[in-house]
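# Summary of structural features
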Amino acid sequence: MSCVDYIQSISYKGGKYHLYYKVTFSKILMELAEEDVDDFMKDFNEEFVEPMPEFFSANPVNTELEVGVEFSFDIDPKKATEEEKEVLPKKAGNKYLIPFSFGNELSQADDFDSLDAESESIAMAMMSTAKFRILIAKNIIPTVETAYFKGTGKKDFSIPFFDFGDSYCLEIPYIVFFERTMYNFNEIVIIPHG
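Residues numbered from 1 in each chain as written. Predicted model: local features only at pLDDT ≥ 70, side-chain atom pairs only at ≥ 80, totals over all residues. Heavy atoms only, no water.

### Observations regarding the pattern of salt bridges
Our working definition: Salt-bridge detection follows one rule: a side-chain nitrogen of Lys or Arg within 4 Å of a carboxyl oxygen of Asp or Glu. Numbering of helices and strands runs from the N terminus; a helix is a DSSP stretch of H or I covering at least four residues, while a strand is a stretch of E covering at least two. The cut-offs for exposure are 20% and 50% of the maximum accessible area for each residue type, with area from a 1.4 Å probe on protein chains only; residues under the lower value are buried, those over the upper are exposed, and the others partly exposed.
With the rule as written, the count across this model stands at 6 salt bridges. A salt bridge links Arg133 to Glu171, with the nearest nitrogen and oxygen atoms 3.1 Å apart. Here the residue Arg133 occupies a position in strand E7 (residues 131-137), and Glu171 occupies one in strand E11 (residues 167-173), the gap between them amounting to 38 residues. Looking at Glu171, the relative accessible area reads 13%, which means it is buried.

In structure tokens:
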């Protein structure tokens, strides 16, 4: 069971990057928390959707079980504006840098300081089930040896990854975003084999 579902996909075809994002929330868990779905989405749109750059195309998601938004767009890297280049993968030496668009916003999420010990334990358990998935086509990054968020100290956060055939899937536990001072969530660092 998960309260939030996030998918980010990056592929490359015909000289253009195709980027897709989907963020959805469980209606059932909102109802259990006595959260009004319409009010929640209004706040979410004001905080996350409206500030997005104009080149994003946003579509609402509203099913029986979830509510949220999906974004998609295509960018020709040869014609990209500076703003568009900010969301594209970059190569820096032997590393690839993948922008994680919602990383900073998620790291600003409310922490559990105001909860009692039992409520905090339940909230942490629920957050531990939520994962953010980043799919990266192999024609962008052919191999992956390691992936991580750079730490603000000496320790980085290692991100598990899986081979999905034509792409790699990185899985980021939502709960890591409550460690807001420990890691840089703006980008994912990927080191390929060899």
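### Let's talk about the sheet that holds strand E5 (residues 90-92)
Definition in use: What makes two strands pair is DSSP finding at least two bridges between them.
Judged by pairing direction, the sheet is antiparallel, and its 5 strands sit side by side in the order E5-E6-E12-E8-E9 without closing on themselves. Looking at which strands have only one partner, the edges of the open sheet turn out to be E5 and strand E9 (157-158). Pairing analysis gives 2 bridges linking strand E8 (residues 146-149) to E9, with the strands arranged antiparallel. Considered in E9, the bridge of Tyr148 is made with Ser158.

### Describing the packing of aromatic side chains
In this description, a pair of aromatic rings is defined by centroid distance and the angle of the planes. Selection rule: In this scheme Phe, Tyr and Trp rings, the latter by its six-membered ring, pair at centre separations within 6.5 Å, and the angle between planes marks the pair as stacked below 30 degrees, edge-to-face above 60, and tilted otherwise. Working rule: Lys NZ or Arg CZ, within 6 Å of ring centre, within 35 degrees of ring normal, means a charge sits over the ring.
This model, assessed by the stated rule, comprises 19 aromatic pairs. Seen in terms of ring centroids, Phe25 and Phe40 are 4.8 Å apart; in terms of plane orientation they differ by 75°. Their pairing is edge-to-face. With Phe25 in strand E2 (residues 16-26) and Phe40 in helix H2 (residues 37-49), the pair connects residues that are 15 residues apart, well separated along the chain. Take Phe25: its relative accessible area is 13%, and that puts it in the buried class. Centroid distance Phe132 to Tyr174: 5.4 Å. Interplanar angle 15°. Geometry classified as stacked. Taken together, the residues Phe132 in strand E7 and Tyr174 in the loop between E11 and strand E12 (187-191) connect sequence positions 42 residues apart. The exposure classification of Phe132 matches that of Tyr174, with both residues buried. By way of ring pairs, the aromatic residues Tyr6, Phe100, Phe132, Phe149, Phe157, Tyr174, Phe177, Tyr183 and Phe185 are connected into one cluster. Taking the ring centre of Tyr168 as reference, the NZ or CZ of Lys138 above it sits at 4.9 Å.

### What to know about the sheet that holds strand E4 (residues 66-75)
Applicable threshold: Here, axes are lines fitted to C-alpha atoms. For helices the fit covers the stretch in contact, and angles between N-to-C directions go from 0 to 180 degrees. Contacts are assigned to residue pairs that have any heavy atoms within 4.5 Å of one another.
The sheet built from 7 strands is open, its strands ordered E3-E4-E2-E1-E7-E11-E10 with mixed pairing. Unpaired on one side and paired on the other, strand E3 (57-62) and strand E10 (161-163) mark the two borders of the sheet. The sheet shows a mean angle of 15° between the axes of neighbouring strands, taken without regard to direction. Examined bridge by bridge, E2 and E4 share 10 bridges and lie antiparallel to one another. Looking at E4, one finds that Leu19 is bridged to Phe73. Running at roughly 25° to E4, H2 makes contact with E2, E3 and E4 of the sheet.

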